[in-house]
Amino acid sequence: MPSEPPTPPREPTGPPRSPLPEHGRPADEILAELERLTAADLPVRGGQVTAYVYDTGRAEIHDLASRAYLEMLEVNGLDPTAFPSIVALERQVLDAVAGRLGGGTGIFTSGGTESIMLAVKAARDTAAAAGGGDAAAGRPEIVVPNTAHPAFHKAAHYLGMDVVTVPADAATFRADPAATAAAMTPRTVLVVASAPSYPHGVIDPVADIASLAAEAGVMCHVDACVGGWMLPWLRESGRDVPPFDLSVPGVTSLSCDLHKYGYAPKGASVVLFRDERVRRRAYFASAEWPGYTVINSTVQSSKSAGPLGAAWATMMAIGAQGYRDLAAGAMRAAERLVAGVAGIPGLRVLGTPDAPLVAVASDDPALDVFVLADEARARGWFFQPQLSYQGIPANVHFTLTGVSLAGVEALLETLAESAKAARDAGPPDVPAELTDALSSLDLDALDDEGFAGLLGSVGVGLGSGGQPEMAVVNAILNALPPATREELLVRFLSALYSGHV
Ligand SMILES: *Cc1c(COP(=O)(O)O)cnc(C)c1O
């Protein structure tokens, strides 16, 4: 007897798809479409977007980087013997970075997340080889301050490890060495400090944390993704910067993003290791197939050499004095911002930033920082919202760069006006029933379209100007625990890419 035919796969849902054109379209038409699409993006130059983008304010630097990127675009970083230019360029970049960050031996990666992923893998595999990270006791662990970047959680998630999170000091937002020591177990393979942390721009007590890690025979990573190419220049310009790099005893690896304060186009970071044997634990080789031999220094295998060429060109064009000037300018802008915030009723800076990264919170329940961010957006500025977390209040974050000093008075005016407008508007209304419903919702029972419908029904959608009213989204997320935030964010991303929101 013939069996029941299997149920056919569900028809793909969602808006109509754009098929590949049968015949190629003219180049000018294609480029015009790109221009039309990017018109809605935040501007990457000019300093009115105070996160995500790093602008020197010197157009010729960014133009040169584009040309170098194009020159290397088609070169494949997969095989350094086929394309020796990538070894030559990578060695120059690594030499320059190690030369300012206490030495060591490195890998050029696509970004901070990949640098961190490789440092965590190297620590895991080094500990395993030495019989540490007590495999019998369970999965290997990393100990991180609660201000550390989620890239550590991501690395642990991908690498089958656990994360132990240690609350930072509630007043300074710096990692707490005693609490860090107390959190270590026989499973610990890596301890993390940030220089500085992204959210508040403060440097963790690196020397203390590295020394307690060394005492326990555990490796220590310094996340200098955002500060690695800023702090050395601030120090060389005469500012006080505590030791934070590989020159500190006990620090075994460090990450430094060149696509942040190196001002290179995105796709450029460096991870440094004190010991070349540990660097080799970050590598991967496989001869388990009948194809070409695979030997990778990074997570990516085939990859464009464009980011490497552009990072190298940017560094060569700016030079040490150029970086000192850029760093000093960004820091002066940050200091002016901190001083200015003191004069705006209801606002205060969290902690005392050691680098040009400033978090501004509200002391006035009527003044909601997420509404403030939307008000700034309506005035042509982007201020980055940061949700409250483990007792640290919600705030807006500012990453000041080379271009910021010239516009810092305008930034402060916008901040003051937006704060006033936010107080006049009042905080967004997030009924407790809504957050309760969201926390207990069975998200698996909803498809992307259903989820988008739910968002629409609670007032999350496009505002009159076609811009999302993010204050409502942020206020809802802010009222929920982190695990629920994560679930909702994944659902939002999925609905966004399937065209439902
Ligand atoms: C940006 C950043 C990262 C992650 O870097 P990506 O380049 O976005 O992957 C990690 N740590 C800190 C402190 C950062 O600022």
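Computed from a predicted model, the values in this text were never measured in an experiment. (Residues numbered from 1 in each chain as written. Predicted model: local features only at pLDDT ≥ 70, side-chain atom pairs only at ≥ 80, totals over all residues. Heavy atoms only, no water.)

### Here's the deal with the site of the ligand
Working step 1: For the ligand, the full set of nearby residues is Gly111, Gly112, Thr113, Ile116, His149, Tyr198, Asp223, Cys225, Val226, Asp257, His259 and Lys260.
Working step 2: Interatomic distance of 2.9 Å between a backbone N/O atom of glycine 112 and an oxygen atom of the ligand.
Working step 3: Threonine 113 places a side-chain nitrogen or oxygen 2.6 Å from an oxygen atom of the ligand.
Working step 4: Across the complex, the protein chains shield 85% of the 380 Å² of accessible surface that the ligand would expose by itself.
Working step 5: No other element matches helix H4 (residues 112-129), which puts 3 residues into the shell around the ligand.
Working step 6: Of the residues assigned to the shell around the ligand, the class counts are 4 nonpolar, 5 polar and 3 charged. (Near = heavy atom within 4 Å. Polar contact = N/O pair within 3.5 Å; in protein donor to acceptor, adjacent residues only side chain to side chain. Areas by Shrake-Rupley, 256 points an atom, 1.4 Å probe, with all protein chains shown as cover. Helix = DSSP H or I, 4+ residues; strand = E, 2+ residues; numbered from the N terminus. Nonpolar A, V, L, I, M, F, W, Y, C, P; charged D, E, K, R; others polar.)

### Digging into the domain arrangement of the chain
Working step 1: Parsing the chain into structural domains produces domain 1 (67-314), domain 2 (320-425) and domain 3 (432-498).
Working step 2: Centre-to-centre separation of domain 1 and domain 2, based on C-alpha positions: 28 Å.
Working step 3: Taken together, the contacts link 28 residues of domain 1 with 29 residues of domain 2.
Working step 4: Of the roughly 2,300 Å² buried where domain 1 meets domain 2, counting both sides, 59% is carbon and sulfur surface.
Working step 5: At the junction of domain 1 with domain 2, the criterion picks out 3 salt bridges. (Domains from an automatic or database assignment. Contact = heavy atoms within 4.5 Å. Buried area = accessible area lost by both parts, 1.4 Å probe. Salt bridge = Lys/Arg side-chain N within 4 Å of Asp/Glu carboxyl O.)

### Topic: the packing of aromatic side chains
Working step 1: The full count for this structure, using the stated rule, is 9 aromatic pairs.
Working step 2: With centroids separated by 5.5 Å and ring planes inclined at 20°, the aromatic side chains of tryptophan 233 and tyrosine 323 adopt a geometry described as stacked. With tryptophan 233 in helix H8 (residues 231-236) and tyrosine 323 in helix H10 (residues 306-341), this pair connects stretches of sequence that are 90 residues apart. Summarising the burial analysis for this pair, tryptophan 233 and tyrosine 323 share the class buried.
Working step 3: Through a chain of ring-to-ring contacts, the aromatic side chains of Tyr54, Tyr261 and Tyr263 assemble into a single cluster. (Phe/Tyr/Trp six-rings, centres within 6.5 Å; stacked < 30°, edge-to-face > 60°. Buried < 20%, exposed > 50% of the residue type's maximum accessible area, 1.4 Å probe, protein only.)

### Examining the sheet that holds strand E12 (residues 384-386)
Working step 1: Across the sheet, which stays open at both edges, the 4 strands sit in the order E10-E11-E13-E12 with antiparallel pairing between neighbours. The open sheet is flanked by strand E10 (347-349) and E12, the only strands paired with a single partner. Here the strands of the sheet are splayed against their neighbours by 35° on average, with no regard to which way each runs.
Working step 2: When strand E11 (residues 357-362) meets strand E13 (residues 395-399), the two strands line up antiparallel, connected through 4 bridges. Its bridge partner lying in E13, valine 358 is registered against phenylalanine 398. (Pairing = 2+ DSSP bridges. Axes fitted to C-alpha atoms, helices over the stretch in contact; angles between N-to-C directions.)

### With respect to the side chain of asparagine 395
Working step 1: Mapped onto the secondary structure, asparagine 395 falls in strand E13.
Working step 2: A distance of 2.6 Å separates the side chain of asparagine 395 from the side chain of glutamine 386, its partner in a polar contact.
Working step 3: Side-chain polar atoms of asparagine 395 contact the backbone oxygen of proline 393, separated by 3.0 Å.
Working step 4: Setting aside its immediate chain neighbours within four residues, asparagine 395 contacts Leu350, Ala359, Val360, Ala361, Val369, Gln384, Pro385 and Gln386.

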